[in-house]
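One-letter residues, chain by chain:
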Amino acid sequence: MPSFNFVLLTIVGTGVVTWLSRITPFVLLKKFQLSKGVVEFLSFVPIAIMSALWFENLFVQHIGHLPSIDWANLLASLPTVLSAVISKNLLVIVVVGVISLGVTRLMMGM
């Protein structure tokens, strides 16, 4: 069984590494100016990440077979995407997504 000090140092160490990995880019970008091409390229990163997360949860993997559609997530995606197009507000998108997935799972008995 690991000692308390080892566990405590591991938790503190991972917290420091996480904090540094999130703060370092802001500190570095204060001192350096990115080119217009790099800034334009980086503007597509959130769209790519959200698309990857959405497609990952839209399909259910079956080893040796084609993936199938997760119908609850697909049905919950429809009002969420609609709210994203209309509002373009992340808070509204998240709230609509959570509520629509909850209602969909409640209605499907999941």
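About the criteria used
Residues numbered from 1 in each chain as written. Predicted model: local features only at pLDDT ≥ 70, side-chain atom pairs only at ≥ 80, totals over all residues. Heavy atoms only, no water. Helix = DSSP H or I, 4+ residues; strand = E, 2+ residues; numbered from the N terminus. Buried < 20%, exposed > 50% of the residue type's maximum accessible area, 1.4 Å probe, protein only. Contact = heavy atoms within 4.5 Å. Areas by Shrake-Rupley, 256 points an atom, 1.4 Å probe, with all protein chains shown as cover. Phe/Tyr/Trp six-rings, centres within 6.5 Å; stacked < 30°, edge-to-face > 60°. Expected span 1.5 Å × (residues − 1). Bend = angle between axes of the 7 residues up to and from the residue. Patch = residues over 30% accessible without salt bridge, like charges linked within 9 Å, V, L, I, M, F, W, Y side chains within 5 Å. Salt bridge = Lys/Arg side-chain N within 4 Å of Asp/Glu carboxyl O. UniProt positions renumbered as here; feature names shortened; annotations may be inferred. Domains from an automatic or database assignment. Polar contact = N/O pair within 3.5 Å; in protein donor to acceptor, adjacent residues only side chain to side chain.

1. Brief notes about the overall build of the protein chain
Each helix and strand in the protein chain was counted, giving five helices and two strands. Put simply, the protein chain runs from its N terminus to its C terminus through helices and strands in the order α-α-α-β-β-α-α. Dimensions of the protein chain along its principal axes, counting C-alpha atoms only, are 55 × 45 × 35 Å. Expressed as a percentage of its 110 residues, the buried residues of the protein chain come to 10%. Sequence-distant contacts in the protein chain: of pairs separated by 6 or more residues, those separated by 24 or more amount to 28%. When the accessible surface of the protein chain is split by element, carbon and sulfur atoms take 77% of a total near 9500 Å².

2. Thoughts on the packing of aromatic side chains
Counting across every chain of the model gives one aromatic pair. Measuring from ring centre to ring centre gives 4.9 Å for Trp54 and Phe55, while their planes differ by 55°; the resulting arrangement is tilted.

3. A few points about helix α4 (residues 71-87)
Counting along an α-helix, one turn takes 3.6 residues, and residues three or four places apart therefore face a common direction. In a regular helix each residue adds 1.5 Å, so 17 residues correspond to 24 Å; α4 covers 25 Å between its end C-alpha atoms and thus fits that length. Helix geometry: α4 is bent most strongly at Ser77, by close to 30°, with proline Pro79 lying one to four residues after it. Every buried residue of α4 is listed here: Ala72, Asn73, Ala76, Ser77, Thr80 and Ser83. Structurally, α4 contributes buried residues whose contacts are with α3 (45-58) and α5 (90-108). Looking one or two residues beyond α4, the residue adopting positive phi is Lys88, at roughly 55°.

4. What to know about a nonpolar patch on the surface
Taken together, Trp54, Phe55, Phe59, Ile69, Trp71, Leu75, Leu78, Val81, Leu82, Val85, Ile86 and Met108 make up a surface patch of nonpolar side chains, about 1200 Å² in accessible area. Residue assignment for the nonpolar patch shows that the elements contributing at least two residues are α3 and α4. Residue position: Val85 is located in helix α4.

5. Describing the UniProt feature "transmembrane region" (unreviewed entry) in the protein chain
According to UniProt, the positions carrying the feature "transmembrane region" (unreviewed entry) are residues 6-29, 41-60 and 80-103. Summarising residues 6-29: 100% helix, 0% strand, and an end-to-end C-alpha distance of 35 Å. Helix makes up 80% of residues 41-60 and strand 10%, whereas the separation of the span's terminal C-alpha atoms amounts to 31 Å.

6. Digging into the domain arrangement of the protein chain
Splitting the protein chain by domain gives domain 1 (1-32) and domain 2 (35-107). Summarising the inter-unit geometry, the C-alpha centres of domain 1 and domain 2 are found 30 Å apart.

7. A closer look at the environment of Asp70
Locating Asp70 in the fold gives a position in the loop between β2 (68-69) and α4. Within the structure, Asp70 has its side chain in polar contact with the side chain of Asn73 (distance 3.1 Å).

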